[in-house]
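What the coordinates show
These are the residues of each chain, in order.
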Amino acid sequence: MPAWWQGAVIYQVWPRSFQDSDGDGVGDLRGIARRLDHLRGLGIDAIWISPIYPSPLADFGYDVADHCDVDPAFGTLADFDALVAAAHDCGLRVLLDYVANHTADTHPWFAASRASRDDPRRDWYIWRDPGPDGGPPNNWASEFGGSAWTLDPATGQYFYHAYLPQQPDLNWRNPAVQDAMLDVLRFWLDRGVDGFRVDAVHHLFEDLELRDNPPDPDWRPGMSPARRLRRDRTMDQPEVQSAIAAMRRVSDGYPGQRLLIGEAWLPIDRLMAYYGVDLAGFHLPFNFHLITTPWTAAAVAGLVRRYEAALPQGAWPNWVLGNHDRSRVASRLGGPQARVAAMLLLTLRGTPTLYQGEELGLADVPIPPELVRDPWEQRVPGLGLGRDPVRTPIPWEDAPQSGFTSGTPWLPVGADHRPLHAAAQAHDPDSMLWLYRALLSLRRREPALSLGPIAAVEALGDVLRYIRTDPADGRRLLVALNLGDAEQALDGGGTPLLSTHGDFGNPRRLRPHEGLVIELD
Ligand code: NOJ
């Protein structure tokens, strides 16, 4: 019997911008509950909600001040319990974001840790003496620009932060930290959550000897300054595997197949280690490679073949087109190819994760400098690293602020997003929302597309093709995707089941930007 998450489609909710229920301009838990109908109608199986915990918002929730509560902007623990109950009632599972690598600098643990060198919590974070010149202990760089070390003048030592100075890294080598953080998992599992997406897990450990990171010869001006260095000493250190296994033991102690997804931006060969020895690690180490692979049939076919071939025995694949950190797929590929990409995502073997707004075909929203909120853009301006453009409010209906809020939204609703609101698309058979619904419903009807094996992955010019087979009755579905803007020949007779163009054209041709699912004779 496959686990529920193998046949599932996950949908990421970035709660600040999903739906506001109280007019403060910020989305909240009651807002999510109000939009469960949209999610059910879409046909997804689970939502992953980005951080909802109390936070001073230096990194918009990824700086957690209390792992076991809800930020008042999002509601209360009672609102959370009500959302979980309502989601479960309509057959949706709920996953939370588990921010394991760091806390907010306002977290009581860090307040104690920085209070004195003798505090029992001192060793809960990573403190080091200054380097010989009085500067940072080594050359490690923050992902968000600048040194990864910040001096705390009161105690004369530097603390390490893979991200912002307001996000000090926890010391996972300290067993007390591990215990406390595993208790966080138990807190939410006891409340009925169905699993977690584990944030930045590849950053959990750093080299104990504090060796410098080497320069990255592939860095070019215009790239993130942090990329000047390879992160050999600060990412993907061996100890991370036992920490992940410990998380897994906790979640496996609960009934109902709780799911663990790991966020690790790693090459395919390294990513596979995150399934763990004997698959005792993450159920799904996030596979982000579709985001970074050039959009050509040859490159994507090569990626699919490499990824499938690298999977450990019994490991289950997964695919992602976008999230709250990366330019939206409609901007990366353009509108017509975003439809092809949707068909790819929902017909590849493995669990897909959608990012809110992908189902509406939303593109990035340009944010003028005076409205920038993302600390990355503020610290490293002008390189296009800022994430505000992908985090703007969802347009729901033809109403002020597109129905997102009755107040002033914390980021503007995109002007180009207004006509794309969900209510309009719900009645338009040519819309992206219709295509997503059709794809999700086809996937549900056809176990070949969710659970069946994948074979014959090949590129023929601009056409990417593969075959999915129904594990029960052997029916074979051909997926043929035209990644180019010219018509292409299509051989192999069969019955078309779904086209990205809505209607079916000449059975022997693929129109420009067309994707087709065909049941082979
Ligand atoms: C990865 C998250 O997806 C991103 O939004 C965040 O800024 C960093 N981790 C730090 O938590």
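Our subject is the structure that appears above.
Here goes a summary of the coordinates provided.

1. Looking at the overall build of the protein
- Secondary structure assignment for the protein yields 15 helices and 18 strands.
- The C-alpha radius of gyration computed for the protein amounts to 23 Å, which stays within 12% of the reference 24 Å derived for 521 residues, consistent with globular compactness.
- Summarising its shape, the C-alpha atoms of the protein cover approximately 75 × 50 × 50 Å along the three principal directions.
- When the 521 residues of the protein are sorted by exposure, 58% land in the buried category.

2. Section: the packing of helix α11 (residues 335-347) against helix α14 (residues 432-445)
- At a minimum axis distance of 10 Å, the contact between α11 and α14 shows a crossing angle of 20°. Considering their axes alone, α11 and α14 lie roughly parallel with respect to each other. Between α11 and α14 lies a crossing of right-handed hand. Along the contact surface, α11 presents A338, R339, A342, M343, L346 and T347, while α14 presents M432, L435, Y436, L439, L440 and R443.
- Here the residues of the contact of α11 with α14 are counted per class, giving 9 nonpolar, 1 polar and 2 charged.

3. Describing the nonpolar core
- Counting 141 residues, the largest nonpolar core has I44, Y98, W172, M247 and L464 as the members making the most contacts within it.
- Excluding its chain neighbours within four sequence positions, the residues that come into contact with M247 are Y98, A100, W172, L182, L185, V198, L204 and L260.
- Grouped together as the second largest cluster of nonpolar side chains are 16 residues, A58, F144, Y158 and A200 included.

4. Here we look at the sheet that holds strand β16 (residues 494-499)
- Taken in spatial order, the 5 strands line up as β12-β13-β14-β18-β16 in an open sheet, and their pairing is antiparallel. Pairing within the sheet leaves two strands with one partner each, and these edge strands are β12 (454-460) and β16. Sheet twist, expressed as the mean angle between neighbouring strand axes with direction ignored, is 20°.
- Pairing of strand β13 (residues 463-469) with strand β14 (residues 476-482) involves 7 bridges; the strand directions are antiparallel.

5. Notes on the site of the ligand
- Around the ligand sit D59, Y62, H102, F144, Y163, R197, D199, E263, H324, D325, R387 and R391, and those are all the residues in its vicinity.
- Within the side chain of R197, a nitrogen or oxygen atom sits 2.9 Å from an oxygen atom of the ligand.
- Take R391: an N or O atom from its side chain is 3.5 Å from an oxygen atom of the ligand.
- Protein burial of the ligand: of its 300 Å² of free accessible surface, 97% is covered by the chains.
- Looking at side-chain class alone, the shell around the ligand contains 3 nonpolar, 2 polar and 7 charged residues.

6. A few points about the pairing of strand β5 (residues 149-152)
- Looking at chain direction, β5 and strand β6 (residues 157-160) are connected through 4 bridges and run antiparallel. Within β6, the residue paired with W149 across the bridge is Y160.
- What sits between the antiparallel neighbours β5 and β6 is a turn of 4 residues, in which G156 has the positive phi angle 70°.

7. Re the sheet that holds strand β7 (residues 195-198)
- One open sheet accounts for 8 strands, arranged β9-β8-β7-β3-β2-β1-β11-β10; its pairing is parallel. What marks the edges here is a single partner per strand, and that holds for β9 (284-285) and β10 (318-320).
- Relative to strand β11 (residues 351-355), β10 runs parallel, the two being bridged by 3 bridges. Along β11, the bridge assignment pairs N318 with T351.

8. Digging into the packing of aromatic side chains
- Tallying each qualifying case throughout the model produces 22 aromatic pairs.
- The interplanar angle of 40° and the centroid separation of 5.2 Å between the aromatic rings of F286 and F288 together place this pair among those described as tilted.
- A residue is classified by how much of its surface remains accessible, and F286, at 3% relative accessible area, is buried.
- F288 sits in the buried class, given a relative accessible area of 3%.
- One aromatic cluster is present, built from ring pairs that chain together W48, W265, F286 and F288.

9. Quick look at α11
- Here α11 contains 13 residues, and its C-alpha end-to-end distance of 19 Å stays within 8% of the 18 Å for a straight helix at 1.5 Å per residue.
- Taking burial as the measure, the 13 residues of α11 include 11 buried ones, the bulk of the element.
- Burial in α11 covers these residues: Q337, A338, R339, V340, A341, A342, M343, L344, L345, L346 and T347.

10. Points about helix α4 (residues 108-115)
- For α4, the complete set of buried residues consists of W109, F110, A112 and S113. The arc that holds the buried residues of α4, viewed along the axis, is 160°, so those residues lie on one side. Away from the buried face of α4 by more than 90 degrees, exposed residues P108 and A115 are located.
- Next to the buried residues of α4 lie β4 (127-128), β6 and α5 (175-190).

11. Notes on the environment of G25
- Here G25 shows up in the loop between β1 (10-13) and α1 (29-34).
- Using a relative accessible area of 0% as the deciding quantity, one classes G25 as buried.
- The spacing of G25 and S441 is 416 residues in sequence and 33 Å in space, taken between C-alpha atoms.
- Once residues lying within four places of it in the same chain are set aside, the contact partners of G25 are D20, F404, T405, T408, P409 and W410.

12. Things to note about unusual backbone geometry
- The phi dihedral of L210 falls on the positive side, at around 60°, and the residue is not glycine.
- Inspection of the secondary structure puts L210 in the loop between β7 and α6 (240-252).
- Residue D278 is not a glycine yet carries a positive backbone phi of 55°.
- Mapped onto the elements, D278 comes out in the loop between α7 (268-271) and β9.

Cut-offs applied
- Residues numbered from 1 in each chain as written.
- Predicted model: local features only at pLDDT ≥ 70, side-chain atom pairs only at ≥ 80, totals over all residues.
- Heavy atoms only, no water.
- Helix = DSSP H or I, 4+ residues; strand = E, 2+ residues; numbered from the N terminus.
- Rg over C-alpha atoms; globule rule 2.2 N^0.38 Å.
- Buried < 20%, exposed > 50% of the residue type's maximum accessible area, 1.4 Å probe, protein only.
- Axes fitted to C-alpha atoms, helices over the stretch in contact; angles between N-to-C directions.
- Parallel < 35°, antiparallel > 145°, perpendicular 65-115°, else oblique.
- Left-handed = near helix turned anticlockwise from the far one by under 90°.
- Contact = heavy atoms within 4.5 Å.
- Nonpolar A, V, L, I, M, F, W, Y, C, P; charged D, E, K, R; others polar.
- Core = buried A, V, L, I, M, F, W, Y, C linked by side-chain atoms within 4.5 Å.
- Pairing = 2+ DSSP bridges.
- Near = heavy atom within 4 Å.
- Polar contact = N/O pair within 3.5 Å; in protein donor to acceptor, adjacent residues only side chain to side chain.
- Areas by Shrake-Rupley, 256 points an atom, 1.4 Å probe, with all protein chains shown as cover.
- Phe/Tyr/Trp six-rings, centres within 6.5 Å; stacked < 30°, edge-to-face > 60°.
- Expected span 1.5 Å × (residues − 1).
- Arc of directions from axis to C-beta.

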